[in-house]
Amino acid sequence: MAETSTGEGALICIPTYNEAENIERIVPAVLERVPNAHVLVIDDNSPDGTGQLADRLADTHPNVHVLHRVGKEGLGKAYLAGFRWALERDYRYIFEFDADFSHNPDYLPHFIALLDHHD
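Every value quoted in this text rests on a predicted model; they were computed, and no experiment measured them. Sequence order sets the numbering: in each chain, residues are counted from 1 along the sequence as written. Note on the predicted model: pLDDT of at least 70 is required for a residue's local features to be given, and 80 or more for side-chain atom pairs to be given and counted; whole-chain, interface and lining totals, by contrast, use all residues. Calculated side-chain values reflect all of the structure's heavy atoms, with hydrogen atoms and water omitted.

### Some points on the overall build of the chain
Link 1 in the chain: Note on conventions: DSSP H or I runs of at least 4 residues are helices, E runs of at least 2 residues are strands, and numbering of each starts at the N terminus. The helix and strand tally for the chain stands at four helices and four strands.
Link 2 in the chain: When the elements of the chain are put in sequence order from the N terminus, they spell out β-α-β-α-β-α-β-α.
Link 3 in the chain: Computed over its C-alpha atoms, the radius of gyration of the chain comes to 13 Å, within 12% of the 14 Å expected for a compact globule of 119 residues.
Link 4 in the chain: Going through the 119 residues of the chain one by one, you find that 46% of them count as buried.
Link 5 in the chain: Throughout, a contact is declared for two residues whenever any of their heavy atoms are within 4.5 Å. Within the chain, contacts between residues separated by at least 24 positions form 78% of all contacts whose residues are at least 6 apart in sequence.
Link 6 in the chain: With residues, only the protein chains shown are counted as cover, and all accessible areas are computed by Shrake-Rupley using a 1.4 Å probe. Of the roughly 6400 Å² of accessible surface on the chain, a fraction of 50% belongs to carbon and sulfur atoms.
Link 7 in the chain: By the counting scheme adopted, Arg and Lys are positive, Glu and Asp are negative, and His together with the chain ends is not counted. Working definition for charges: the position is that of NZ of Lys, CZ of Arg, CG of Asp or CD of Glu. In the chain, which carries 9 positive and 20 negative side-chain charges, the distance between the mean positions of the two groups comes to 5 Å. Our radius of gyration is a C-alpha quantity, and the globule rule it is checked against amounts to 2.2 Å times the number of residues to the power 0.38. Any residue under 20% of the maximum accessible area for its type is buried, any over 50% is exposed, and the rest in between are partly exposed; the area is computed with a 1.4 Å probe on protein chains only.

Next comes the structure, spelled out in structure tokens:
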């Protein structure tokens, strides 16, 4: 895969809890860098409406999906739920990604390109 990989077969898992101020920026930023990737927002019933904002993004972007969980169960369990969701749908690559931009979307094409030669 070339450095400019578009993310074919990749799922970017983004757990959220009270990320309303970030979710509408991070999802488009990820898809801009890897337009063929899919994004799964895993929301733990955020009281600030993050889940509803994620639903709106999913309604307008076919590559965006939302997994609603009933309550705050923690980051680790959110990632496990996202990985399970991805494996059930046969994604080739699964990425962990933070909604607060502590993970830089600019690196995604490079990471995906490296997967052709590295685990």
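### Notes on the sheet that holds strand β1 (residues 10-16)
Link 1 in the chain: At least two DSSP bridges between two strands are required for those strands to pair. Taken in spatial order, the four strands of this open sheet run β3-β2-β1-β4, and their pairing is parallel. Pairing within the sheet leaves two strands with one partner each, and these edge strands are β3 (64-68) and β4 (93-96). Across the sheet, the mean angle from the axis of one strand to that of its neighbour is 25°, orientation sign disregarded.
Link 2 in the chain: Bridge analysis of β1 against β4 gives four bridges, and the strand direction is parallel. Bridge pairing in β4 links Leu 11 to Ile 94.
Link 3 in the chain: Axis angles are defined between N-to-C directions and span 0 to 180 degrees, where every axis is a line fitted to C-alpha atoms and, for a helix, only to the segment in contact. Taken strand by strand, helix α1 (residues 20-33) contacts β1, β2 (38-43) and β3, and its axis lies near 155° from that of β2.
Link 4 in the chain: Its contacts with the sheet put helix α3 (residues 75-88) on β1, β2, β3 and β4, and the angle it makes with β1 is roughly 150°.

### Comments concerning the nonpolar core
Link 1 in the chain: To qualify as a nonpolar core, a set must consist of buried Ala, Val, Leu, Ile, Met, Phe, Trp, Tyr and Cys residues joined through side-chain atoms within 4.5 Å. Formed by 23 residues in total, the largest nonpolar core has its most connected members in Ile 12, Ile 14, Ile 26, Val 27, Val 30 and Val 39.
Link 2 in the chain: Secondary structure elements with two or more residues in this core: β1, α1, β2, α2 (50-60), β4 and α4 (108-114).
Link 3 in the chain: Tallying contributions element by element places α1 first for this core, with six residues.
Link 4 in the chain: With residues near it in sequence (within four places) discarded, Val 30 still touches Ile 12, Val 39, Phe 97, Pro 105 and Leu 108.
Link 5 in the chain: Grouped together as the second largest cluster of nonpolar side chains are nine residues, Cys 13, Tyr 79, Trp 85 and Tyr 91 included.

### Quick word on the pairing of β3
Link 1 in the chain: Strand direction decides the pairing type here: β2 and β3, joined by five bridges, are parallel. Opposite Val 41, over in β3, you have Val 66 as the bridge partner.
Link 2 in the chain: Looking down the strands as they point away from you, a crossover is right-handed if its path from the first strand over the helix to the second goes clockwise. Note on the crossover from β2 through α2 to β3: the handedness is right-handed.

### Some points on the pattern of salt bridges
Link 1 in the chain: Only one rule defines a salt bridge in this text: a Lys or Arg side-chain nitrogen within 4 Å of an Asp or Glu carboxyl oxygen. As enumerated under the stated definition, the model contains four salt bridges in all.
Link 2 in the chain: Across the salt bridge formed by Arg 69 and Glu 73, the nearest N and O atoms sit 3.7 Å from each other.
Link 3 in the chain: On the basis of relative accessibility, which here comes to 11%, the residue Arg 69 falls in the buried class.
Link 4 in the chain: Members of the salt-bridge network, linked through shared partners, are Asp 44, Arg 69 and Glu 73.

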